[in-house]
Structure formats: C-alpha cells, structure tokens
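Summary of structural features
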Amino acid sequence: MEEYRGPREACGVFGVFAPEAEAARLTFFGLYALQHRGQESAGIATSDGRSLFLHRRMGLVSSAFTEEDLRRLPGHIAIGHTRYSTTGSSVPINAGPFLVGAGERVLAVSHNGNLVNGDQLRAELLAEGIALESTTDTEALAWAIVRAPGRNWVERIRAAMEKMVGAYSLAILTREALIAVRDPLGIRPLCLGRLDGGWVVASETCALATIGAEFVREIEPGEIVVIDEAGLHAYPDPTAGPEQAICVFEFIYFARPDSAIMGQRLHVVRQRMGAELWREYPADADLVVPLPDSAVPAAIGYALASGIPYAEALIKNRYIGRTFIQPDQRLREQGVRLKFNALPEVLEGKRVVLVDDTIVRGTTSRPIVELLRQNGAREVHMRVHSPPIRWPCYLGVDMATREELIAAHLSVEEIGRAIGADSIGYLSLEGLFRAIGLPRERFCAACLTGRYPVPVPPERLLRRRATPLEDHPTSEKETATVAAVAARQC
C-alpha cells in the first residue's frame, strides 16, 4: 500500500498576457513556483492571436517540458496547469490544461478546485452528444462554457457559472485573451500581477515573484477578469453578497509560506499558529523540532513563544518526490526512513516537542515518533498547528475518506496513544482564527467542522471516496505525451 503523504492540493494555475515576451517560457517558470500544488502532470497552452497550441505530460514541471517543447508553443498569451488528481485519476488524458471547442468557440482552461455537481454536468453534456475524453470535471466545465449562451466570452462564462457548484479558480485562454475567473465564494486562491506592460494571474503570489511580476490584487470571488490588446477589464459578480469561504488549509498547509493571501504573509501567520499552540498546549521540554518542511514556521513560533530552543533534528530527503517505483519489502517496513533521517546527536536524552501541521490517518505520525525515540529522544510530545481533521473535502483537496480519518473515530487522547506520543495537543478552532487574524465567517473549514459552504449531493456523501468518477479505459501509456502540440486553426 502506498504511504499516505497527507492532504494534497488539487492544482496550481498560471496565466500570462505578455506582448513583449515568450509567454510559454514565463509560464514554465510560473508553474515551477507552483509545483507544490501538484506533482502528477503539467501542461501549457498558448495563443499567437490566431491559433491555440497545447503541450501536456505526466510528471514534474522539470520533466514535462524541453526546450523544443517550449519552441513549439508560440504566442504572447499562455496558461499553465500543474495537477494532483481529485476528480479523475492520474492518467495522461486527465492532464491539464484542457483545449475544447472549434471555430469561433475554442478555448483552453486550467482549473484549481472541484465541482460537487461535476457528475451532473458531465451527464448533461453526454446527453447532448459531447464526447468527453477525460474523467475530470475540468473538461466538463470547459465544455459548459463553450456551449453556454452569450454574445461574448464574459456572457458565456457567467451563464456557465450558474450551473457550476463548488470550487473553481480558472485561467482561461482564447485566441485573443487571457481570462481569470473565481467562484462566487472564493474557495481557491487566485491573484493578479503586473509584468512589463503585461499581466499575470496565478494561484499564489510566490509565482508572481518568481518571474518578477508585481502583485496587484486578488481576483475577487465571483469576478471575471479579461485581459486582451485593449487592456484589463474587470467584471464583478452582479449578485455578490458578503459570503466568502476561502479554504482555511491554504493558510495552514497548502500555499507556500512566502505567498500572501488576503493581505497575510503565510510564514508569519503560521508562526502565530505555533505561538497559539504553545499557549493552549505548553510542554515541559528541551527542544522544539518541526516535521519538515511544512511545519517549520509553526515550530519557530512555538519555540519563540515558549523559550524552548528550536532544533532541526529530522532531515528530509527533498528529492524523493512522488515515485512510481515501489520500495522492496524491507524498505517498505522501514516506512518513513525513505523520507526522513534523524540526528541522534541533537536528540540524545532530550524531551522533544514535535510540531506537525496535520495528522490525517496517523500512519506517518507513529513511525516518526518511533524514529525520534530510536535516535535518543527521551520524551516526544506531539503538537499539531491545526484542529483535528474529521471530515473529507469535496472542494478540490485530495484528502482521506471519513473512514480513514483518525480523528473521526478516536479522541485526541486516543490519537496520542495510537501514535505513541507522551502527550498530544491540537490547536483549537478559536486559536487557529486568532492566529489568522481574519473573521472566521470568511473561510471554509468544512474538513474541521463538517459544515460545507455549498450543498454536497447525497450520493457524494455516501461514496467511499470524496471525489470519485469512474475512470474509462485508455490505451495511452503513463509516459506518453497527450496532444504534445495541438493546434486549433481559425
């Protein structure tokens, strides 16, 4: 069985309108900055004002493109996508972006999020005779836009949005324009930047910084932003209310710590989470040790607030990534040793506070605790800088099922015993939002509370997997390029 590596974001999206630059190359580096949001596939679509071109492939951004691939993606407008699978499995045909339509109605779409009514949308399109090639809700979403009524793309997108329920931050490419769209609740992040007479949209601000773009603002919930030769045109949601529901795990775990969301630098926010965790669950200890890399800011915050020295005692193999080669039985039994090594010189005889961002199944936490003890730790006190995850996500996060969530079935004390810790403490929901410093009403915390911001169809709630779709057979090999370079002519 594959080791569970914790909740994973669905995707990263990026788009650029750059009249004086190679849009594909800028997008390549933008996707590099968003690699943490998806490591299964990567793709770029471009437009030269007349035709659309597409290249997508399984694997990391660095292996999905060559110099020759980028040369075959001409144009001054581009969108990119890096993916983890949620709806639809990890196969080449499900890689983004998706290029659909024909004639005057052709576009490419990169999507971060998940539609809870994706099955219904697919069924409607299939009934209308649309031959869907993938098992993702992104392809259905793209076709819904192409087939929607309207005199222009803004009207079509707005009409399609009325049918789409769930989370979606979109970078859309047409022959003439780059379009950014965010769902009415703003569940997934999307921001806007300025670059040398052009514009950039991205899932996170870290991608803007990577290519030298200046952050301008976030795309508002429900907003459509069109960028073309005439400039930037923003179309706010005419029915917008005060409701928002950005995913709180963007603040806890998903987004890179150097990114900023809603005016908050996430490294600083996570330090505050660590400080709140100390106030709620202090420990008599000698060292504060983070589980690298995502828990580092919170561990720093815990150490600063408590006065307990901070130490790096777990070294992460940052190059292991996602592998399709299974370890042999001996290595499999060693579990986390493939990913972490401990430093006995740091741990010997010490009482350790181990800070982690989440405990999902508990299958990784117990081996980590054992690893610390085997390398000399006298006590291990687990501290988690998020509340317990008790519910699955239906809005774009690859998370365990409710049956697999350890906190759905065990009390906090029982979890501590199950993972072998001397003590355990989770940050409370109140402490979490004190650290974030923004109103709780602006966030989706459904995985912590079970209260979803959109209605989830009963058939989805009854399924074992949160976001499944039956995968149709495909004859393409995992290593193949799907539509290596596809062109749609005028």
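Figured I'd write up the structure that's included with this text. (Residues numbered from 1 in each chain as written. Predicted model: local features only at pLDDT ≥ 70, side-chain atom pairs only at ≥ 80, totals over all residues. Heavy atoms only, no water.)

1. Regarding helix 9 (residues 266-280)
- The end-to-end C-alpha distance of helix 9 is 21 Å, a good match for the 21 Å that 15 residues give at a rise of 1.5 Å each.
- Among the residues making up helix 9, those that are buried are L266, V269, R270, M273, G274, A275, E276 and L277. (Helix = DSSP H or I, 4+ residues; strand = E, 2+ residues; numbered from the N terminus. Expected span 1.5 Å × (residues − 1). Buried < 20%, exposed > 50% of the residue type's maximum accessible area, 1.4 Å probe, protein only.)

2. Details of the sheet that holds strand 7 (residues 105-115)
- Within the open sheet, the six strands sit side by side as 6-7-8-9-13-14. Their pairing is antiparallel. Across the chains shown, the open sheet's two edge strands, defined by having one partner strand only, are strand 6 (98-102) and strand 14 (231-235). Adjacent strand axes in the sheet meet at a mean angle of 20° when their direction is disregarded.
- With five bridges connecting them, strand 8 (residues 166-173) and strand 9 (residues 178-182) associate as antiparallel partners. Bridging from a neighbouring strand, L173 pairs with L178 of strand 9. (Pairing = 2+ DSSP bridges. Axes fitted to C-alpha atoms, helices over the stretch in contact; angles between N-to-C directions.)

3. Some words on empty space enclosed by the protein
- Overall, the coordinates contain five cavities of 30 Å³ or more when judged by the stated rule.
- Its boundaries defined by the atoms lining it, the largest cavity holds a volume of some 100 Å³.
- If you trace the largest cavity, you find 15 residues lining it, with C247, C393, C444, A446 and C447 closest to the centre.
- If you list the elements that add at least two residues to the lining of the largest cavity, you get helix 8 (249-254) and helix 16 (446-449). (1 Å grid on protein atoms, 1.4 Å probe; cavity = no way out; pocket = protein on both sides within 12 Å on 5 of 7 lines; lining within 4 Å. Points joined across faces, edges and corners; volume = space filled by probe spheres on them.)

4. Brief notes about the nonpolar core
- Formed by 55 residues in total, the largest nonpolar core has its most connected members in V248, F251, L432 and I436.
- Secondary-structure elements contributing two or more residues to this core are strand 15 (246-247), helix 8, helix 9, helix 10 (296-306), strand 21 (351-356), helix 15 (429-436), strand 25 (443-444) and helix 16.
- The dominant element in this core, judged by the number of residues it contributes, is helix 15, at five residues.
- For I436, the residues in contact, after removing those within four places along its chain, are V248, F251, Q264, V269, R272, M273 and F443. (Core = buried A, V, L, I, M, F, W, Y, C linked by side-chain atoms within 4.5 Å. Contact = heavy atoms within 4.5 Å.)

5. Side note on the packing of helix 9 against helix 15
- Axis separation between helix 9 and helix 15 bottoms out at 8 Å; the angle between their running directions is 140°. Between helix 9 and helix 15, the interaxial angle falls into the category oblique. Considering how the two elements wind past one another, helix 9 and helix 15 form a crossing that is right-handed. Contacts between helix 9 and helix 15 involve V269, R272, M273, E276 and E280 on the former and, on the latter, G431, L432, R434, A435 and I436.
- Residues that form the contact of helix 9 with helix 15 fall into these classes: five nonpolar, one polar and four charged. (Parallel < 35°, antiparallel > 145°, perpendicular 65-115°, else oblique. Left-handed = near helix turned anticlockwise from the far one by under 90°. Nonpolar A, V, L, I, M, F, W, Y, C, P; charged D, E, K, R; others polar.)

6. Focus: the packing of aromatic side chains
- All told, the structure shown has nine aromatic pairs when counted by the stated rule.
- An aromatic cluster is defined as three or more aromatic residues linked by ring pairs; in this entry it consists of F28, F29, Y32 and F65.
- The ring of F98 is capped by R56, whose NZ or CZ atom sits 5.0 Å from the centre of that ring.
- One residue, R402, lies across the ring of W391, its end atom 3.9 Å from the ring centre. (Phe/Tyr/Trp six-rings, centres within 6.5 Å; stacked < 30°, edge-to-face > 60°. Lys NZ or Arg CZ within 6 Å of the ring centre and 35° of its normal.)

7. Thoughts on the sheet that holds strand 21
- Read from one edge to the other, the open sheet built from four strands follows the order 18-21-22-24, with strand pairing classed as parallel. The open sheet is flanked by strand 18 (287-290) and strand 24 (423-426), the only strands paired with a single partner. Averaged over all pairs of adjacent strands, the angle between strand axes in this sheet comes to 20°, irrespective of strand direction.
- Pairing geometry for strand 18 and strand 21, over four bridges, is parallel. By the bridge assignment for strand 21, L287 is matched with V352.
- Lying on the sheet, helix 10 is in contact with strand 18, strand 21 and strand 22 (379-384); it crosses strand 18 at an angle near 165°.

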